[in-house]
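Here are the chains, one letter per residue:
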Amino acid sequence: MKLRIVTWNINSIRLRAPLLARLAELWAPDVLCLQETKVEDSRFPHALAESLGYRHRLVHGGKAYNGVAILSRLPLAECERLSFGGLADHRHLSCRLCGDIELHNLYVPAGGDLPDPEQNPKFRHKLELLDTFTAYFAAREDVDARLLLVGDLNIAPLAADVWNHRALLKVVSHTPVEVERLMRLMQAFRFWDTVRLRRPPPERLYTWWSYRARDWARSDRGRRLDHIWIAPALLPAFKDSGILREARGWPRPSDHVPVLAEFEIGD
DNA sequence: ATGGTAGGTATCCTA
């Protein structure tokens, strides 16, 4: 069977309900991982998700900030809401699907403006959460596990992941210290970056464009902050990936666009 | 070099 998985920082699921429907129709993901749902669990729009065919849901949100969710057409098992000592509060979900596929949906803190962990607690939090995940995956001995790590990681690792590499070296999201931390996380389980498997550098690819640009498409000053990573064991099943750039031009858009990966899963 | 917009919430925080 084909498995289509999408990650999207939706920036308020309640405000973006019509766009969620549009995405469901256009890309028909089997599993939809959302970040920045910005809604308490008790007020999550379950009826909307149900109406789009997502009968299986795992939600973890709080008032106003952060919040993650997994909407699925397939049953989810071993659902967990890990907090890692408060570092990942309302920022992480994991579950198992299609038998042995283990999915992690992660929302890494943006990290504030100043790229200095001593002076900026938000940046420190960002680095600490990345290190916590690195330790978590590095400690695992089941190196053949079929892991998927998706989400808004709030870091653009490659020079081709930002509109101007040199200009962004001092801008949080593309500083060498963050990129190095992200690479360490990637190496902890030998993850592969699915989007770059299909479209390697130097092609420029972005998944986020600031709301502050006068014309996001014309200036095209984007960054690739949203990722779908797979463990080596999932590499043979990987078929395709993509970025739904046009979603940035939808009415009242999120500043992030959906990212897709498709797999052929044996029965 | 600067400031620009958006969402949720409550008069400001985060992104």
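This write-up is about the structure you can find in this document. Here the structure is a predicted model, which is why all the values come from computation and not from measurement.

What to know about the sheet that holds strand E12 (residues 226-230)
Move 1: Taken together, six strands build an open sheet; the order of strands is E5-E6-E7-E8-E12-E9 and the sheet is mixed. In the strand order of this sheet, the two ends are held by strand E5 (77-80) and strand E9 (192-193), each with one partner.
Move 2: When strand E6 (residues 92-97) meets strand E7 (residues 101-107), the two strands line up antiparallel, connected through six bridges. From the neighbouring strand, Leu-93 faces E7, where its bridge partner is Asn-105.
Move 3: Across the sheet, helix H3 (residues 121-138) is in contact with E6, E7 and strand E8 (146-152); its angle to E7 comes to roughly 165°.

Side note on helix H1 (residues 17-27)
Move 1: Taken together, the buried positions of H1 are Leu-19, Leu-20, Leu-23, Ala-24 and Trp-27. The buried residues of H1 occupy one face: seen down the axis, they fall within an arc of 145°. Every exposed residue of H1 that faces more than 90 degrees away from the buried side is listed here: Pro-18 and Glu-25.
Move 2: Packing partners of the buried residues in H1 comprise strand E1 (2-9), strand E2 (31-35), helix H2 (46-51), strand E4 (68-72), strand E13 (238-243) and strand E14 (259-264).
Move 3: Ala-28, located one to two residues past H1, shows a positive phi value of around 40°.

With respect to the environment of Leu-58
Move 1: As for its placement among the helices and strands, Leu-58 is situated in strand E3 (residues 56-60).
Move 2: Separated by 12 residues in the primary sequence, Leu-58 and Ile-70 have C-alpha atoms spaced 5.1 Å apart.
Move 3: Sequence-distant contacts of Leu-58, defined by excluding residues within four places in its chain, comprise Val-68, Ala-69, Ile-70, Leu-76, Cys-79, Glu-80, Arg-81, Leu-93, Ser-94 and Cys-95.

Points about the side chain of His-60
Move 1: Mapped onto the elements of the fold, His-60 is located in strand E3.
Move 2: On the accessibility criterion, His-60 (11% relative accessible area) is buried.
Move 3: Within the structure, His-60 has its side chain in polar contact with the backbone nitrogen of His-90 (distance 3.5 Å).
Move 4: Among all residues touching His-60, those that are not within four sequence positions of it are Asp-41, Gly-67, Val-68, Arg-81, His-90, Arg-91, His-92 and Leu-93.

About the criteria used
- Residues numbered from 1 in each chain as written.
- Chains lettered and ligands numbered in written order.
- Predicted model: local features only at pLDDT ≥ 70, side-chain atom pairs only at ≥ 80, totals over all residues.
- Heavy atoms only, no water.
- Pairing = 2+ DSSP bridges.
- Helix = DSSP H or I, 4+ residues; strand = E, 2+ residues; numbered from the N terminus.
- Contact = heavy atoms within 4.5 Å.
- Axes fitted to C-alpha atoms, helices over the stretch in contact; angles between N-to-C directions.
- Buried < 20%, exposed > 50% of the residue type's maximum accessible area, 1.4 Å probe, protein only.
- Arc of directions from axis to C-beta.
- Polar contact = N/O pair within 3.5 Å; in protein donor to acceptor, adjacent residues only side chain to side chain.

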